[in-house]
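Chains, contacts and geometry: an overview
Chain by chain, the residues:
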Amino acid sequence: MGTQFNLKELETGPRGLLWQSDFIDPAHEERLISIFRNGLEWPDRSGRISLHYGYTFDYKTFGLDPDVPYKEFPEWLQPLIPTTESRPPEQVCLQYYPPGSGIPPHVDTHMAYDQLYALSLGAPALMRFRRGEQVVDIDLEPRSMMQMTGDSRLHWTHGIKKRKTDTMADGIVRPRADRWSITYRWVRDGDCECGNLDLCDVAQRRHGLEKEKRSVKDPASQTAPDKAVS
Ligand SMILES: O=C(O)CCC(=O)C(=O)O
Ligand SMILES: [Fe+2]
């Protein structure tokens, strides 16, 4: 059954961050988690681990890698694919975060990708958005769908601290537990023109400031350096 999309901009900011709570129901979530736990072959290492579906992006040519075969979206993934864009995403990434793991502050590469959505499943975690001195913590509640557009996509970094608890705004300390996310990415048509020299790899390249050592596997590792996050 198809899922309804009803994304709305969050009033807390960052600007352009769209949100939809309860994108799927708890029974559907439970079935997915059972597949993630029992039906998939995960990389055998500790910390955050990922599985990729769709195309692989080649950071040498800045196009889709013709040498890596397209990986079909599995059946469980199909009803979770956003239908709000003109085409399905080129790449989908399922990530598992055991308690204590996170993802460093980054902006997903502007050069490769345009639209970005993420669905959260399992335990909640705080995601920190940062733009200069501005900080906004967003609670990634399970079953919520998030879309990063505009400023939130281009001009704010986002990351999840590596820790075993999150301290909420009201002081309550919430333990982390197993979390999964599904990130959807659409390849950019044309160049990013945002011109942000701190965060945009297109702008950096035009100014001869290109970063070396790009990872082919993990777009989130195209991290823009962000100062220590408190
Ligand atoms: O886990 C998430 O919700 C988002 C992960 C992320 O930022 C990324 O994969 O680029
Ligand atoms: Fe990201």
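The coordinates are above.
Residues numbered from 1 in each chain as written. Chains lettered and ligands numbered in written order. Predicted model: local features only at pLDDT ≥ 70, side-chain atom pairs only at ≥ 80, totals over all residues. Heavy atoms only, no water.

This brings us to the pattern of salt bridges. Taken as a whole and judged by the stated rule, the model has 14 salt bridges. The partner of Asp137 in a salt bridge is Arg128, with the nearest N and O atoms 2.8 Å apart. What emerges from the salt-bridge pattern is a single network uniting Asp22, Glu29 and Arg143. (Salt bridge = Lys/Arg side-chain N within 4 Å of Asp/Glu carboxyl O.)

Among the 12 residues in the neighbourhood of ligand 1, the closest are listed as Gln95, Tyr97, Asp108, Arg179 and Ser181. The contact in question runs from an oxygen atom of ligand 1 to an N or O atom on the side chain of Tyr97, over 2.6 Å. The side chain of Asp108 places a nitrogen or oxygen atom 2.8 Å from an oxygen atom of ligand 1. Protein contact buries 99% of the 290 Å² of open area that ligand 1 shows by itself. (Near = heavy atom within 4 Å. Polar contact = N/O pair within 3.5 Å; in protein donor to acceptor, adjacent residues only side chain to side chain. Areas by Shrake-Rupley, 256 points an atom, 1.4 Å probe, with all protein chains shown as cover.)

The subject of this paragraph is the side chain of Arg176. Relative to the assigned elements, Arg176 resides in the loop between strand 14 (173–175) and strand 15 (179–187). The class for Arg176 is buried, based on a relative accessible area of 9%. A polar side-chain atom of Arg176 sits 3.1 Å from the main-chain carbonyl oxygen of Ser101. Engagement of the side chain of Arg176 in a polar contact is seen with the backbone oxygen of Arg163, the distance being 3.2 Å. Excluding its chain neighbours within four sequence positions, the residues that come into contact with Arg176 are Pro99, Ser101, Pro124, Ala125, Leu126, Ile160, Lys161, Arg163, Lys164, Thr165 and Asp166. (Helix = DSSP H or I, 4+ residues; strand = E, 2+ residues; numbered from the N terminus. Buried < 20%, exposed > 50% of the residue type's maximum accessible area, 1.4 Å probe, protein only. Contact = heavy atoms within 4.5 Å.)

A separate point is a nonpolar patch on the surface. Where nonpolar side chains cluster on the molecular surface, the patch consists of Tyr55, Leu64 and Tyr70 and spans about 250 Å² of accessible area. Take Tyr55: it is sitting in the loop between strand 3 (49–54) and strand 4 (57–58). Taking the relative accessible area as the measure of exposure, Tyr55 reaches 35% and is therefore partly exposed. (Patch = residues over 30% accessible without salt bridge, like charges linked within 9 Å, V, L, I, M, F, W, Y side chains within 5 Å.)

This paragraph deals with the environment of Thr83. By the element assignment, Thr83 lies in the loop between strand 5 (63–64) and strand 6 (91–97). Sequence separation of Thr83 and Phe5 is 78 residues, and the distance between their C-alpha atoms is 7.8 Å.

Below, the discussion takes up the sheet that holds strand 11 (residues 145–148). Paired through their backbone hydrogen bonds, the strands of a sheet run either parallel or antiparallel. Strand order in this open sheet of seven strands is 1-2-11-8-15-6-3, and the pairing throughout is antiparallel. Single-partner strands in this sheet number two, and they are strand 1 (8–9) and strand 3. Note: strand 2 (residues 17–20) against strand 11, four bridges, orientation antiparallel. In the strand pairing of strand 11, Leu17 is matched with Met148. Its contacts with the sheet put helix 1 (residues 26–38) on strand 6, strand 8 (113–122) and strand 15, and the angle it makes with strand 8 is roughly 95°. (Pairing = 2+ DSSP bridges. Axes fitted to C-alpha atoms, helices over the stretch in contact; angles between N-to-C directions.)

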